[in-house]
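Close look at the chain arrangement
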Amino acid sequence: MARLILKFGGTSVANVVRLEQVARIVKKEIDAGHQVAVVVSAMAGITNELVSFAHALCPSDVTLEHDVVLASGEQVTSGLLALALQRLGLKSRSYLSWQIPILTDASPSQAKILNIATHELETCFKENCIPVVAGFQGVTENRRVTTLGRGGSDATAVALAVALKADCCDIYTDVNGVYTADPRLVFYAQKLETITYAEMFELASQGAKVLQARSVELAMKHKVKLRVLSSFSESEGTTVVEERNKVEGTLISGIAHTQNEAKVTLIDIPDQNGMAAIVGSLFEHQICADMIVQNSLQDGKSNLTFVLQKSDLDRSVPLLEDVKKKIGFTDIIVNKEIAKISVVGIGMRSNLEIVTILFKTLAERGINVQIISTSEIRLSVVIDLKHMSEALETLHTAFNLDEKKV
Ligand code: ADP
Ligand code: ASP
Ligand code: MG
């Protein structure tokens, strides 16, 4: 008998028919003799709707009241799935985070899990009852409701797998596993049998939302066996592993993209201290600037370019206007029409060929690279949004990732 955590995402629980299908998947594992705890997301689209309600009333800040609103979607699906399991003759009950509790810090909309008490869930297991845990939510020691960042039900599932010493954490979603690129955009994307934690983390951080980046980080740290599977069709899925043999000739394992970011350029910043004030004022408000590039100009001034989430723009521009008044740079230019493409692979360590292929491929298509950033196993470029699909497909081909479809 294995202990399994099964997590089902938004499209998997999108309606009552889907919930009944999820209940059958859970029953199959129970019938195979396994002990199962389930984690659910909100129904597809619900969290976005809840975000828009809270944003309409309070656009300038993100507070714990936003979290109370956002967390409500998972309450609905946890209760509904428990009902669906009961209907199949299984013993089941729902758990909200405060009932376990899943203790977090108090950072609004991006709380970190500090501890998960196991007593409640272990008791549930002993009674042969299937716990259905509302994902994405936590509670502070002052009993405030928190949420774990978008896609955070993945983090709930991995953290539960750690706390309950589960044998495996299965993330059920609407694709058959992790692909070499988003299969909804790249027709020739191939499903990967395995991917390393490090590669998956880079892909997830750069927009491959099939897994939340923080959940991968947590799984890597605690060596949780993590699989990505479809709740729509039976298939092998993808296993996230520590190491894998590099397939000969493949430098790149996958390509991620995001169009959720905007590029901000600040013109004629007077001195070095200005830089710290600008980036600092954003970080103080939990706004993360990425791909920061400084261009020194001849008169001792410089321009600063960075990207940030489009959803943070409304809050960022007034903060930057304040800094502008204090240190006196001349202009703030915002460009929302950008996309970031990131190629990722352990095979690119110490291999410069990749840079050549990337730039040559984009240049041949007349696609201009606006910003570049790298890590040991990733190369990211910012390009014009209108070239995103073309860049994804041509790079996918150029790096020999295309599946041979007949
Ligand atoms: P869930 O609601 O189940 O958590 P998400 O929408 O968060 O599902 O993540 C699944 C989606 O991730 C897929 O529908 C797919 O479009 C997208 N995706 C992006 N990159 C990849 C990739 N490399 N492999 C698989 N799916 C990807
Ligand atoms: N429902 C939340 C979201 O849409 C959490 C999740 O789906 O994992 O971000
Ligand atoms: Mg998700």
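For the structure, see preceding data.
Quick look at the structure, then. In this text the structure is predicted, and so the values were computed from the model without any measurement.

Once that is clear, we can look at the overall build of the protein chain. Each helix and strand counted, the protein chain has 11 helices and 20 strands in total. In terms of overall size, the protein chain behaves like a compact globule, its C-alpha atoms giving a radius of gyration of 23 Å where 406 residues would be expected to give roughly 22 Å. Over its C-alpha atoms, taken along the principal directions, the protein chain stretches across nearly 75 × 55 × 35 Å. Counting only residues that meet the buried cut, the protein chain has 49% of its 406 residues in that class. Expressed as a percentage of contacts within the protein chain between residues at least 6 apart in sequence, the contacts between residues at least 24 apart total 74%.

Further remarks concern helix H6 (residues 197–205). Within H6, burial applies to Tyr197, Glu199, Met200, Glu202, Leu203 and Ala204. Two residues or fewer after H6 comes Gly207, characterised by a positive phi angle close to 120 degrees.

This brings us to the sheet that holds strand E20 (residues 378–384). Spatially, four strands are ordered E13-E18-E20-E19 in an open sheet, and the strand pairing comes out antiparallel. Edge positions in the sheet fall to strand E13 (254–258) and strand E19 (371–375), since each of these pairs with one other strand and no more. For this sheet the average axis-to-axis angle between neighbouring strands, irrespective of direction, equals 20 degrees. One ladder, built from five bridges, connects E13 with strand E18 (residues 338–344); its direction is antiparallel. By the bridge assignment for E18, Thr258 is matched with Lys340. The strands touched by helix H10 (residues 353–364) are E18, E19 and E20; relative to E20, the strand with the most contacts, the crossing angle is about 15 degrees.

Counting 66 residues, the largest nonpolar core has Ile5, Cys169, Met200, Ile252, Ile341 and Phe399 as the members making the most contacts within it. Here this core gets five residues from one element, more than from any other, and that element is helix H5 (residues 153–163). The residues contacting Met200, other than those within four sequence positions of it, are Val178, Ile195, Ala208, Val210, Leu211, Val216 and Val240. Counting residues in each nonpolar core, the second largest holds 23 residues, with Phe8, Val38, Ala82 and Val132 among its members.

Our next topic: unusual backbone geometry. The phi torsion of most residues other than glycine is negative, and most of the peptide bonds are trans. That bond from Ile100 to Pro101 is cis: its omega, -15 degrees, falls within 30 degrees of zero. By secondary structure assignment, the location of Pro101 is in the loop between strand E3 (92–95) and strand E4 (102–104). One non-glycine residue with positive phi stands out, namely Ser109, at about 65 degrees. Position of Ser109 relative to the elements: it lies in the loop between E4 and strand E5 (113–116).

The next thing to look at is the environment of Asp384. Secondary-structure assignment places Asp384 in strand E20. With 16 residues separating them in the primary sequence, Asp384 and Asn368 have C-alpha atoms 7.5 Å apart. With near-sequence residues (within four places) excluded, Asp384 lies in contact with Glu337, Ile338, Ala339 and Gln370.

Turning our attention to the packing of H6 against helix H7 (residues 213–222). It is the contact of H6 with H7, at a shortest axis distance of 8 Å, that shows an interaxial angle of 165 degrees. Comparing their axes, H7 and H6 come out roughly antiparallel. Here the hand of the crossing between H6 and H7 comes out left-handed. Counted together, Tyr197, Ala198, Met200, Phe201, Ala204 and Ser205 of H6 and Ala213, Val216, Glu217, Ala219 and Met220 of H7 form the full contact between these two elements.

Around ligand 2, a shell composed of Ser41, Ala42, Thr47, Glu74, Phe136, Arg150, Gly151, Gly152 and Ser153 is seen. At a separation of 2.8 Å, a nitrogen atom of ligand 2 approaches a polar side-chain atom of Thr47. In the environment of ligand 2, an oxygen atom lies 2.7 Å from a nitrogen or oxygen atom belonging to the side chain of Arg150. For ligand 2, whose free accessible area comes to 260 Å², the fraction covered by protein is 86%. Classifying every residue of the shell around ligand 2 by side-chain character gives two nonpolar, five polar and two charged.

This brings us to the environment of Asn260. As for its placement among the helices and strands, Asn260 is situated in the loop between E13 and strand E14 (261–269). In this structure, the C-alpha to C-alpha distance between Asn260 and Ala213, residues 47 residues apart in sequence, is 15 Å. Setting aside residues no more than four positions away along its own chain, Asn260 makes contact with Leu308, Gln309 and Lys310.

For strand E1 (residues 3–8), a buried count of six out of six residues is recorded, marking the element as mostly surrounded by other parts of the structure. Residues Arg3, Ile5 and Lys7 point to one face of E1 and Leu4, Leu6 and Phe8 to the other, with burial holding for every one of them. Once the chain exits E1 it traverses helix H1 (residues 16–31) before rejoining the sheet at strand E2 (residues 35–40), and the crossover so formed is right-handed.

The next point concerns the site of ligand 1. By nearness alone, 17 residues border ligand 1, and Thr173, Asp174, Tyr179, Asp182 and Arg184 come closest of all. In this structure, an oxygen atom belonging to ligand 1 sits 2.9 Å away from a side-chain N or O atom of Arg184. Note that an oxygen atom of ligand 1 is positioned 3.5 Å from one of the backbone N or O atoms of Val210. Split by residue class, the shell around ligand 1 holds eight nonpolar, four polar and five charged.

What follows is about the pattern of salt bridges. Scanning the model with the defined rule gives 17 salt bridges in all. Among the salt bridges present, the one from Arg87 reaches Glu20, with a minimum N-O distance of 3.0 Å. Note that Arg87 is positioned in helix H3 (residues 64–87) and Glu20 in helix H1, a separation of 67 residues in sequence. What makes Arg87 exposed here is its relative accessible area of 68%. Taking the relative accessible area as the measure of exposure, Glu20 reaches 28% and is therefore partly exposed. With a shortest N-O distance of 2.9 Å, Asp170 and Arg227 are connected by a salt bridge. With Asp170 in strand E9 (residues 168–173) and Arg227 in strand E11 (residues 226–230), this pair connects stretches of sequence that are 57 residues apart. The buried category is assigned to Asp170, whose relative accessible area is 0%. The network of salt bridges with common partners includes Glu261, Asp290 and Lys340.

Definitions and cut-offs
- Residues numbered from 1 in each chain as written.
- Chains lettered and ligands numbered in written order.
- Predicted model: local features only at pLDDT ≥ 70, side-chain atom pairs only at ≥ 80, totals over all residues.
- Heavy atoms only, no water.
- Helix = DSSP H or I, 4+ residues; strand = E, 2+ residues; numbered from the N terminus.
- Rg over C-alpha atoms; globule rule 2.2 N^0.38 Å.
- Buried < 20%, exposed > 50% of the residue type's maximum accessible area, 1.4 Å probe, protein only.
- Contact = heavy atoms within 4.5 Å.
- Pairing = 2+ DSSP bridges.
- Axes fitted to C-alpha atoms, helices over the stretch in contact; angles between N-to-C directions.
- Core = buried A, V, L, I, M, F, W, Y, C linked by side-chain atoms within 4.5 Å.
- Parallel < 35°, antiparallel > 145°, perpendicular 65-115°, else oblique.
- Left-handed = near helix turned anticlockwise from the far one by under 90°.
- Near = heavy atom within 4 Å.
- Polar contact = N/O pair within 3.5 Å; in protein donor to acceptor, adjacent residues only side chain to side chain.
- Areas by Shrake-Rupley, 256 points an atom, 1.4 Å probe, with all protein chains shown as cover.
- Nonpolar A, V, L, I, M, F, W, Y, C, P; charged D, E, K, R; others polar.
- Right-handed = clockwise from strand over helix to strand, strands pointing away.
- Salt bridge = Lys/Arg side-chain N within 4 Å of Asp/Glu carboxyl O.

It is worth stressing that arrangement in space is one thing and function is another; only the former is reported here.
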